[in-house]
Structures are given as structure tokens and as C-alpha cells.
Amino acid sequence: MTNKVKNNTTEVEILNAAKRVFQHKGMEGARMQEIADEAGINKAMLHYYYRSKQLLFEAVFKKAFSMLAPQLNEIINSDLSICEKIRSFSNNYISFVIKHPYLPNFIIQELNRSPEFIQKLLAEKHFPNIEKFKKQVNDKVAEGIIRPIKAEQLFINILALNIFPFIGAPLLKGFINVDDKAYKKLMTERKTEVADFIINSIKIT
């Protein structure tokens, strides 16, 4: 039991160390020795747990993704109204990424470096399924509850407006001339700003 607990603790330390290194250096810039040093172990021990940097990267990503994806999937497939889903999705996504700011760039970096990576995401148990959301949007458009819009376009709008400010943070901070603290405050405000913007664009007044 003691060895099992120790092994679990070591693996957690490795994943946390790798997350910090990947966050600062990216997949290409990170080195296994640097991750081992950050975790306070030798390189041989690191390779005992993870044979390659790719496997370690995927483990770090999947750990974070597994915390976020089920939340988003549950929201999308819940019985909430479309407006409530938009508010809940934006709030949950932004709250999560503020705590895990490396995640959006992780995804973009890996998709650019290895396009087939999306297939691994699609195979994840809780990868968001938007079929119910699409039917709900189509039904509400037909009923005249919301403005005519393709469900796919609405979903892309939700994703884009929530994701881009984190991916494009360095550029946006330069454009609007704010420091990290002020930008984080803006991101917190976007939990409601994004939802209000999208809802106002589809609702019929």
C-alpha cells in the first residue's frame, strides 16, 4: 500500500511538473531532463513512468481535458434552455481556463504539430456531443423563439468567443494595453459578457 501511494504521488508530481514546463516551453521546447529536474527526480525515473515526451504530453493534456470535457458535455446535453446553456457553458469554460490557462494553447499546438491528434480527442469518453444541441436550436428557430441561425454556426460562435481571448492573450493585451492582472479581470468579466453578447444576437425582441 505504501509503495502504491508513493508511486501515485510521484506520478502526480511528474504531471504537475510537466504541466508547468509545457506551459512555458510548449511541446517542442520542453525537454525530459528539464521536466525531471522540475519534478525533483532523475531522468531514469521519469522514463520509468513515461517513455517519451509525447506520452507525457498526452497524459498532461488528458488529465486537464478529462476535468473540463464532462462538464461541457453535461451542459450541452442537459434540459436547460439554449440561453441557459450558453450562460453555463461560458461560465464553466472561462472559470476552468483561468485556472488552467495552458490548455487552449496545448490543443492548438498539438493540432498544428500532429493533426491526427483530434482523433484521439474524439475517442475520449466525454468528448462533447452536440447532436441534442443542434436539434434544440433547429426546433427553437422553427418555433420562432430565436433568430434563424444554423446550430453549427451558433456553436462555433460560442467556442470562438470563449476560446480566442485565451489563445490570443499576448496579442490582445498589447492591443488594449493592459497587464496580466487587468487582463485576468477582463476574462472573468467575459463569463457574462460573452453569454450576453451571443444571447442578444439570437433572441427575438
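Residues numbered from 1 in each chain as written. Predicted model: local features only at pLDDT ≥ 70, side-chain atom pairs only at ≥ 80, totals over all residues. Heavy atoms only, no water.

The name given to the chain in an unreviewed UniProt entry is TetR family transcriptional regulator, with Lutibacter profundi as the source organism.

Q: Describe empty space enclosed by the protein, naming the residues involved and giving the relevant values.
A: If you roll a probe as big as a water molecule over the atoms, it shows you where there is empty space left. Considering all chains together, one arrives at one cavity of 30 Å³ or more under this definition. Computed from the structure, the largest cavity encloses a volume of approximately 50 Å³. Surrounding the largest cavity, Ile75, Ile76, Lys85, Ile86, Phe89, Phe133, Phe155 and Ile158 form its lining. Elements supplying a minimum of two residues to the lining of the largest cavity: α4 (53-76), α5 (82-99) and α9 (151-167). Top contributing element to the lining of the largest cavity by residue count: α5, with three residues. (1 Å grid on protein atoms, 1.4 Å probe; cavity = no way out; pocket = protein on both sides within 12 Å on 5 of 7 lines; lining within 4 Å. Points joined across faces, edges and corners; volume = space filled by probe spheres on them. Helix = DSSP H or I, 4+ residues; strand = E, 2+ residues; numbered from the N terminus.)

Q: Run through the layout of surface pockets, naming residues and quoting values.
A: Of the volumes computed, that of the largest pocket is approximately 460 Å³. Lining the largest pocket are 21 residues, with Phe65, Ile107, Phe127, Leu159 and Ile163 positioned closest to its centre. No other element matches helix α6 (residues 103-113), which puts five residues into the lining of the largest pocket. Residues that form the lining of the largest pocket fall into these classes: 21 nonpolar, no polar and no charged. As a volume, the second largest pocket reaches approximately 390 Å³. The wall of the second largest pocket is formed by 15 residues, among which Pro101, Tyr102, Phe166, Ala169 and Lys173 lie closest to the centre. Elements with a contribution of two residues or more to the lining of the second largest pocket: α1 (2-29), α6, α10 (169-176) and α11 (180-202). Partitioned by chemical class, the residues of the lining of the second largest pocket number nine nonpolar, three polar and three charged. (Nonpolar A, V, L, I, M, F, W, Y, C, P; charged D, E, K, R; others polar.)

Q: I'd like to hear about the UniProt feature "domain: HTH tetR-type" (unreviewed entry) in the chain, residue by residue, with values.
A: Within this numbering scheme, the UniProt entry marks residues 8-68 as carrying the feature "domain: HTH tetR-type" (unreviewed entry). Across residues 8-68, the secondary structure splits into 87% helix and 0% strand, with the terminal C-alpha atoms separated by 22 Å. (UniProt positions renumbered as here; feature names shortened; annotations may be inferred.)

Q: So, the domain arrangement of the chain: which residues are in play, and what are the values?
A: Segmentation of the chain into domains returns domain 1 (1-51) and domain 2 (60-202). Centre-to-centre, using C-alpha coordinates, domain 1 lies 29 Å away from domain 2. Counting from both sides, the interface comprises nine residues of domain 1 and, opposite them, eight residues of domain 2. Across the domain 1 to domain 2 interface the summed buried area is about 770 Å²; carbon plus sulfur atoms make up 68%. The largest per-residue losses of area from domain 1 upon contact with domain 2 belong to Leu15, Lys19 and Met27, which jointly make up 51% of the total buried on that side. Across the contact surface, domain 1 and domain 2 share zero salt bridges. Across the contact surface, domain 1 and domain 2 share zero residue pairs in polar contact (both at pLDDT 80 or more). (Domains from an automatic or database assignment. Contact = heavy atoms within 4.5 Å. Buried area = accessible area lost by both parts, 1.4 Å probe. Salt bridge = Lys/Arg side-chain N within 4 Å of Asp/Glu carboxyl O. Polar contact = N/O pair within 3.5 Å; in protein donor to acceptor, adjacent residues only side chain to side chain.)

Q: Describe the packing of aromatic side chains, and please don't skip the residues or the numbers.
A: Overall, the coordinates contain five aromatic pairs when judged by the stated rule. Judged by centre distance (5.3 Å) and plane angle (80°), the rings of Phe22 and Phe57 are edge-to-face. Here Phe22 is found in helix α1, whereas its partner Phe57 is found in helix α4, with 35 residues between them in sequence. An aromatic cluster is present here, built from Phe89, Phe133 and Phe155 joined pairwise through their rings. (Phe/Tyr/Trp six-rings, centres within 6.5 Å; stacked < 30°, edge-to-face > 60°.)

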